[in-house]
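So you can see what is in the structure, the chains are spelled out below.
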Amino acid sequence: MLRIGVLVSGGGTNLQAIIDAIAAGKITNASIEIVISNNPGAYALTRAEQNGIEHICISPKNYADRGAFNRALLEKLEEYKLDLIVLAGCMVVLPPELIDKYQNRIINIHPALIPSFCGKGYYGLHVHEEVLKRGVKLTGATVHFVDAGTDTGPIILQKAVEVQWGDSPEILQKRVMEQAEWQIMPQAINLIANGKVEVIDGKVKIKE
Ligand code: GAR
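This is a predicted model, so every value here is computed, not measured.

**Student:** Before we go on, may I ask you to explain the sheet that holds strand E5 (residues 106-110) in this structure?
**Tutor:** Sheet strands pair by backbone hydrogen bonding; their relative direction is either parallel or antiparallel. Taken in spatial order, the seven strands of this open sheet run E3-E2-E1-E4-E5-E6-E7, and their pairing is mixed. Looking along the sheet, the strands with just one partner apiece sit at the ends: strand E3 (55-57) and strand E7 (155-162). On average, each strand axis in the sheet is tilted by 20° relative to the strand beside it, whichever way the strands run. When strand E1 (residues 2-8) meets strand E2 (residues 30-37), the two strands line up parallel, connected through seven bridges. Note on E2: the bridge partner recorded for Leu7 is Ile36.

**Student:** Mind showing me how you'd approach the site of the ligand here?
**Tutor:** By nearness alone, 15 residues border the ligand, and Gly12, Thr13, Asn14, Gly124 and Glu181 come closest of all. Within the side chain of Thr13, an N or O atom sits 2.6 Å from an oxygen atom of the ligand. Contact distances for the ligand include 2.7 Å between an oxygen atom and a backbone N or O atom of Gly124. Protein contact buries 91% of the 450 Å² of open area that the ligand shows by itself. Its atoms largely coinciding with the cavity grid, the ligand occupies the largest pocket. Elements supplying a minimum of two residues to the shell around the ligand: helix H1 (13-23), E5 and helix H6 (169-193). For the shell around the ligand, the class distribution of residues is six nonpolar, eight polar and one charged.

**Student:** What is the right way to read the nonpolar core from this model?
**Tutor:** In globular proteins that are soluble, nonpolar side chains generally tend to be buried together. The biggest cluster of nonpolar side chains holds 43 residues, and the ones touching the most others in it are Val6, Val86, Ile107, Ile156 and Ile189. In terms of residue count, the dominant contributor to this core is H6 (10 residues). Setting aside residues up to four positions removed in sequence, Ile189 forms contacts with Ile4, Ile18, Ile27, Leu84, Val86 and Ile107. Formed by 21 residues, the second largest nonpolar core is a distinct cluster that contains Phe69, Leu77, Cys90 and Leu94.

The rules behind each value
Residue numbers run consecutively from 1 along every chain, following the written order of its sequence. It should be noted that, the model being predicted, local features are given only for residues of pLDDT at least 70 and side-chain atom pairs only at 80 or more, the latter also being counted only at that level, while totals for whole chains, interfaces and linings use all residues. No hydrogens and no water enter the side-chain calculation; it runs on all heavy atoms of the structure. For two strands to count as paired, DSSP must find a minimum of two bridges between them. In this text, helices come from DSSP runs of H or I with a minimum length of four residues, and strands from runs of E with a minimum of two, each type numbered from the N-terminal end. Every axis in this analysis is a line fitted to C-alpha atoms, fitted for helices over the stretch in contact. Angles between the N-to-C directions lie between 0 and 180 degrees. Near, as used in this document, describes a residue that has one of its heavy atoms within 4 Å of the molecule or strand being considered. Here a polar contact is recorded for every N or O atom pair within 3.5 Å, except that within protein the pair must consist of a potential hydrogen donor and a potential acceptor, and residues adjacent in sequence are included only if both atoms are side-chain atoms. Every accessible area reported is derived by Shrake-Rupley at a probe size of 1.4 Å, with residue values counting cover from the shown protein chains alone. Cavities and pockets were defined on a 1 Å grid built from protein atoms only: a cavity is a group of points that admits a 1.4 Å probe but offers it no way out, a pocket is an open group of points flanked by protein on both sides within 12 Å along at least five of seven lines, and a lining residue is one with an atom within 4 Å of any such point. Molecule-in-pocket calls rest on the fraction of atoms, with more than half required to lie within 2 Å of the cavity or pocket grid points. Amino acids outside the nonpolar list (Ala, Val, Leu, Ile, Met, Phe, Trp, Tyr, Cys, Pro) and the charged list (Asp, Glu, Lys, Arg) are all regarded as polar, and Gly is one of them. Within this scheme, the nonpolar core is defined by two criteria: the residues are buried Ala, Val, Leu, Ile, Met, Phe, Trp, Tyr or Cys, and they are joined through side-chain atoms within 4.5 Å. Burial here depends on accessible area, computed with a 1.4 Å probe over protein chains only, as a share of the maximum for the residue type. Under 20% is buried, over 50% is exposed, and the range in between is partly exposed. Any two residues having at least one pair of non-hydrogen atoms within 4.5 Å are treated as being in contact.

Here is the structure:
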């Protein structure tokens, strides 16, 4: 059984997609052990509560400095003996020690087709604003392993979504979530939970 910790910051619709996929048997051999938010007001915490999942807020604002916050986060994650950490709309910079320690055991969902519209400053609605500014016809979402860079780790799954004339950032965000994020995040977790994901030379091979 893959023990998962989910890090969130906001609405938690990706968390919900994971919860629903586990309940529906679309993710097997996995359980969410803890949900951690840096933001006390994150609706994702309410979703965890409603689904009987342990949850906690660990906010940098409650610690004297970044080092103390990093240690608290790392300690909490260690306590749950996790096999996989899932960043589901997590907007905090992770402690470098965490990334070192959990190599190829942290995954992130990004709301664009990496390597487009990613890297420093590209998060949330801002990604969709930039997509619309550039006028690309296809966007999408990417699930990838997290390494020391920003959105640079091995890509696990991607799904394309059409951009339509007249889209607002909000409308596009909703389409990307519905048609891509809420599908590929659970799929990626299911693949990992069932031993189907192998990283070879910085690239992901999905085993038959
Ligand atoms: C999602 O669109 C996710 O892809 C994005 O934040 C949103 C969180 O929504 N993540 C990033 O931009 C990471 N760079 P949610 O809280 O409803 O799952």
